[in-house]
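# Geometric and topological summary
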Amino acid sequence: MSAPMVETINLKKYFKTGSGMLHAVEDVNLKIEKGKTLGVVGESGCGKSTLGRTILRLQPATDGQVLYEGEDVLKYKKKDMKKLHLNMQMVFQDPFSSLDPRMSIHNLIAEPIEVCDIFKTKKEINEHVVRIMEMCGLPANLANLYPHELDGGFRQRVGLARAMAVSPKFIVCDEPVSALDVSIQAQILNLLMDLQDERQLSYMFITHDLCVVKHISNEIMVMYMGQTVEYAKTAELFAHPLHPYTQALLEAVPTPDLSRRNRERNTLKGEVSNPINPAPGCRFKPRCRFADKECDGECPLKEVSPGHLVACCKCG
Amino acid sequence: MEESKVSLLEIDALTVEYRTDDAIVHAVNDLDLRLDKGETRGLVGETGAGKTTLALSVLRLLPERVGHIAGGSIRYEGRELLQMPEAEMLALRGKRISMIFQDPMTSLNPTHTVGDQILEVLNLHFPEMTKQQKEAKVDEMMTLVGIPPSRKTDFPHQFSGGMKQRIVIAMALVAEPELLLADEPTTALDVTIQAQILELIRNLKNQFHTAVLLITHDLGVVAEFCDTVSVVYAGRVVEYGTVEAVFEKKNNHPYTAGLFGCIPDLKDDQPRLHPIAGRMSDPRVVHEGCCFCDRCDHAMERCKTVAPAMHVHKGHGIACHLFENREDF
């Protein structure tokens, strides 16, 4: 079997803070195959965005490996970074702050093409920008406008067009639709899926929205305080959520479905704390209904059924 | 909803404009709404639908000089709010009608302790209470929203987003108002915290018999939390009814149906979503016909020129020509 498109091995990212070491990403192992989408789900502060940024080397990893088609990109020298950026790109969460307000839409999309030296002449660049804009559903008459003149949906299309401009094979989408209204969200999700079908793209799709992640992902990784707590195929995860945190998340999601209206709610108590100098043992323990002494020990990720991994000593 | 009964809040043909140098923005157009005592009504719509403007109009907190109520009436327990002297409005705000704002990070004063901020409401509205009584009430309220009273000397920045929203709720409900306007109270929060906060509002609302107007863009929140729902588009109510009638998904306004089609379902697998074509209409343009006709799959020639009336059947109203002369929905 050939190497997966993207793989991480024991990836760690710690931040030094005044009160100690913050373990933002702890020993994350993931694999994304060509043309597939991995959904990364968790609440704010669980390390999902940090994970995405670390994979793209937007910040240095503390330890571990990030393999792109089997090659460790964390070992790349500065001059090799262009190669990395040609293959791996990112779409950011907030289309209002991720675009330079002083650049026109045309220049915003041309910038990555110029930086990566894909085309030599101005004419070729311009033609490419037109192609990319069309591909991302941006009418050509927007080219000379500035970001503040566009609404959220169009801005997010520009963000996507910037990522697509260098024809990458892997895109980290960091909450690309969270800031958008549902009707616009659906348009962007459809666009992402069409582009994936056309170009065999791989996505890492970071979100807190379980409905969205179910819709777009092939596999899902649930994170809690920097650690992977559950990792499975999408259908499997939604049919048999095993980790108490995954179960609580699924239960908390409000859905426009009256049959769930009068269900018994086991609302999760407490809030997420900071993973600063975390104690060994399960990090979810303080909020978990099933926690007991056993949970103070190590709780590594175990495979409970083919392809379904859970980090809970009460499961499997 | 019988016309004869006086509801807690009655809004008739409300029209609100924002007048700027460049243009007049028609934020709320001819909007009707009823809210009974103890009822929880969801007000659903996308960004720019006029939801927040509506809530601000009820409290008469529209931005001065820019926001104008161009017509209509807002009655609270049968009394017209739009003509009420400001002194009487002051007595109403925070005591009988209170509001929870969307962003708990910015709606608290960073320079005062949270205890003082809850106390302020009591100082304003209950001057007859003694200091001890007020302090006791603050402690009681903080316990109710799940924050130990020992933390009342802390400042807002020492709390997480969910805790801040709990404090905002404590401030809103300490005077035990009859009407709570909750403007996207959980949008800035994580799902598990959202579930906690909604449950908290639900419990307190039952305890104090408060009517709630829950403004949200999330149909899921409405389905789980509200009794009735009004769907707004371009400043108009396009559909209203009980949650059961609207979420049955059999008879809906094309816009509501479109919203349902945009949400990926947790239960079923659908390969593609069905977004509503196009974008929100420009609020500077006055529509002659139906405000949704540019984006509607069922638009007819008539929709462009004749504004649809609200067709009501068993308390379920839909403003669409498709439902004219239909007895069965």
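Scope of this entry: the structure provided in the associated data block. (Residues numbered from 1 in each chain as written. Chains lettered and ligands numbered in written order. Predicted model: local features only at pLDDT ≥ 70, side-chain atom pairs only at ≥ 80, totals over all residues. Heavy atoms only, no water.)

## What to know about the overall build of chain B
A count of helical and extended segments in chain B gives 9 helices and 12 strands. Taken over the C-alpha trace, chain B has a radius of gyration of 21 Å; the compact-globule value for 329 residues is 20 Å, and the two agree within 12%. With the C-alpha coordinates aligned to their principal axes, the bounding extent of chain B is approximately 65 × 50 × 45 Å. Contacts in chain B between residues at least 24 apart in sequence constitute 63% of all its contacts with a sequence separation of at least 6. A total accessible area of about 14600 Å² is found for chain B, and carbon and sulfur atoms account for 51% of it. (Helix = DSSP H or I, 4+ residues; strand = E, 2+ residues; numbered from the N terminus. Rg over C-alpha atoms; globule rule 2.2 N^0.38 Å. Contact = heavy atoms within 4.5 Å. Areas by Shrake-Rupley, 256 points an atom, 1.4 Å probe, with all protein chains shown as cover.)

## What about the overall build of chain A?
Assigned secondary structure in chain A consists of 9 helices and 12 strands. Relative to its length of 316 residues, chain A is compact, with a C-alpha radius of gyration of 20 Å against a globular reference of 20 Å. Each principal axis of the C-alpha atoms in chain A carries an extent, and together these give about 65 × 50 × 45 Å. The buried share of chain A, taken over its 316 residues, is 56%. Contacts in chain A between residues at least 24 apart in sequence constitute 65% of all its contacts with a sequence separation of at least 6. Within chain A, the 39 negative side-chain charges are centred at a point lying 3 Å from the centre of the 39 positive side-chain charges. (Buried < 20%, exposed > 50% of the residue type's maximum accessible area, 1.4 Å probe, protein only. Lys, Arg positive; Asp, Glu negative; His and termini not counted. Charge placed at Lys NZ, Arg CZ, Asp CG, Glu CD.)

## Brief notes about the side chain of B:Thr256
Residue and element names in this part refer to chain B. If you trace the backbone, Thr256 turns up in helix H9 (residues 254–262). Overall, the relative accessible area of 1% leaves Thr256 in the buried class. The contact partners of Thr256, leaving out residues within four places of it in the chain, are Val231, Glu239 and Val246.

## Describing the pairing of strand S8 (residues 202–207) of chain A
Residue and element names in this part refer to chain A. Counting buried residues along S8, 6 of its 6 residues qualify, which places the element largely inside the surrounding structure. Burial along S8 is two-sided: Ser202, Met204 and Ile206 facing one way and Tyr203, Phe205 and Thr207 facing the other are all buried. In this structure, strand S3 (residues 37–41) lies alongside S8, joined through 5 bridges in parallel fashion. Bridge assignment links Gly39 to a residue of S8, and that residue is Phe205. Pairing of strand S7 (residues 170–174) with S8, which is carried by 5 bridges, proceeds in the parallel orientation. Within the sheet, the bridge partner assigned to Phe170 lies in S8 and is Ser202. Following the chain from S7 across helix H6 (residues 182–199) to the adjacent parallel S8, one finds a crossover that is right-handed. (Pairing = 2+ DSSP bridges. Right-handed = clockwise from strand over helix to strand, strands pointing away.)

## A closer look at the interface of chain B and chain A
Taken residue by residue, the interface counts 47 residues in chain B and 40 residues in chain A. By the criterion of area lost to chain A, the three top residues of chain B are B:Glu224, B:Leu266 and B:Arg279, representing 22% of everything that side buries. The interface formed by chain B and chain A includes 1 salt bridge. Note that B:Arg272 is salt-bridged to A:Asp194, the shortest N-O span being 2.6 Å. Taken together, the links from chain B to chain A amount to 15 residue pairs in polar contact (both at pLDDT 80 or more). Elements represented by at least two residues in the side of chain B that touches chain A include exactly helix H5 (161–173), helix H6 (191–208), helix H7 (219–225), helix H8 (243–247) and H9 of chain B. For the side of chain B that touches chain A, the per-class residue count stands at 21 nonpolar, 9 polar and 17 charged. (Buried area = accessible area lost by both parts, 1.4 Å probe. Salt bridge = Lys/Arg side-chain N within 4 Å of Asp/Glu carboxyl O. Polar contact = N/O pair within 3.5 Å; in protein donor to acceptor, adjacent residues only side chain to side chain. Nonpolar A, V, L, I, M, F, W, Y, C, P; charged D, E, K, R; others polar.)

## Here's the deal with the pattern of salt bridges
Here the structure, examined in full by the defined rule, presents 36 salt bridges over all chains. Where A:Lys12 meets A:Asp27, a salt bridge forms, and the shortest distance between an N and an O atom there is 2.8 Å. Placement of A:Lys12 in strand S1 (residues 6–17) and of A:Asp27 in strand S2 (residues 20–32) is noted, with a sequence separation of 15 residues between them. Given a relative accessible area of 17%, A:Lys12 falls into the buried group. Judged by relative accessible area, A:Asp27 falls into the partly exposed class, the value being 34%. Notably, a salt bridge pairs B:Glu77 with B:Arg96, separated by 2.9 Å at the nearest N-O pair. Taken together, the residues B:Glu77 in the loop between strand S4 (67–76) and strand S5 (79–80) and B:Arg96 in the loop between helix H2 (86–92) and strand S6 (97–100) connect sequence positions 19 residues apart. By relative accessible area, B:Arg96 is classed as partly exposed at 27%. Bridged by salt links that share partners, the residues B:Glu10, B:Asp12, B:Arg34 and B:Arg75 form one connected network.

## A word on the packing of aromatic side chains
Within this structure, the stated rule accounts for 7 aromatic pairs over all chains. Pairing A:Tyr224 with A:Phe284 gives two aromatic rings, centres 5.0 Å apart and planes at 85°, and the pair type is edge-to-face. Highlighted residues: A:Tyr224 in strand S9 (residues 219–224) and A:Phe284 in the loop between helix H9 (244–252) and strand S11 (302–305), separated in sequence by 60 residues. Ring centres 5.3 Å apart and planes at 75° place the aromatic pair B:Phe247 and B:Phe260 in the edge-to-face group. Of this pair, B:Phe247 sits in helix H8 while B:Phe260 sits in helix H9, and the two are 13 residues apart along the sequence. Exposure remark for B:Phe260: the relative accessible area of 12% places this residue in the buried category. A connected cluster of aromatic rings, assembled from ring pairs, spans A:Tyr224, A:Tyr245 and A:Phe284. Here the guanidinium or amino end of B:Lys249 rests over the ring plane of B:Phe260, the centre of that ring lying 4.9 Å away. (Phe/Tyr/Trp six-rings, centres within 6.5 Å; stacked < 30°, edge-to-face > 60°. Lys NZ or Arg CZ within 6 Å of the ring centre and 35° of its normal.)

## Considerations on the packing of helix H3 (residues 114–125) of chain B against helix H4 (residues 131–144) of chain B
When two helices pack together, their arrangement is given by the angle between their axes and by how far apart the axes lie. All names here are of chain B. Closest axis-to-axis distance for the H3/H4 pair is 10 Å, and the angle between their directions is 120°. On the basis of the axis angle, H3 is oblique to H4. Crossing of H3 against H4: the hand is right-handed. Residues Val114, Gly115, Ile118, Leu119, Leu122 and Asn123 of H3 form the contact with H4, whose participating residues are Lys134, Glu135, Lys137, Val138 and Met142. (Axes fitted to C-alpha atoms, helices over the stretch in contact; angles between N-to-C directions. Parallel < 35°, antiparallel > 145°, perpendicular 65-115°, else oblique. Left-handed = near helix turned anticlockwise from the far one by under 90°.)

## Observations concerning the state of the cysteines
Think of a disulfide as a covalent bridge from one cysteine sulfur atom to another cysteine sulfur atom. Applying the stated criterion to the full structure yields 0 disulfides over all chains. Sulfur of A:Cys288: no disulfide; nearest cysteine sulfur belongs to A:Cys312 and is 6.1 Å away. Cysteine B:Cys291 shares no disulfide, and the gap to the nearest cysteine sulfur, in B:Cys290, comes to 4.9 Å. For B:Cys291, a relative accessible area of 6% corresponds to the buried category. (Disulfide = S-S within 2.5 Å.)

## Some words on unusual backbone geometry
With a phi angle near 60°, A:Arg57 is a residue other than glycine that sits in the positive phi range. For A:Arg57, the location among the structural elements is in the loop between helix H1 (48–55) and strand S4 (63–68). One non-glycine residue, B:Ala13, adopts positive backbone phi at about 45°. Here B:Ala13 shows up in strand S1 (residues 9–19).

## Looking at the sheet that holds S7(A)
Backbone hydrogen bonds are what pair the strands of a sheet, in a parallel or an antiparallel way. All names here are of chain A. Here 8 strands make up an open sheet; going across it, the order is S6-S7-S8-S3-S9-S10-S12-S11 and the pairing mixed. Two strands bound the open sheet, and with one partner strand each, they are strand S6 (88–91) and S11. Shown here is a sheet whose adjacent strand axes are inclined to one another by a mean of 20°, direction ignored. Across the sheet, helix H5 (residues 152–164) touches S6 and S7, and the angle it forms with S6 is around 175°. Where H6 meets the sheet, it contacts S3, S7 and S8, and its direction lies at approximately 160° from that of S8.

Geometric descriptors of this kind do not, in isolation, establish any biological role.
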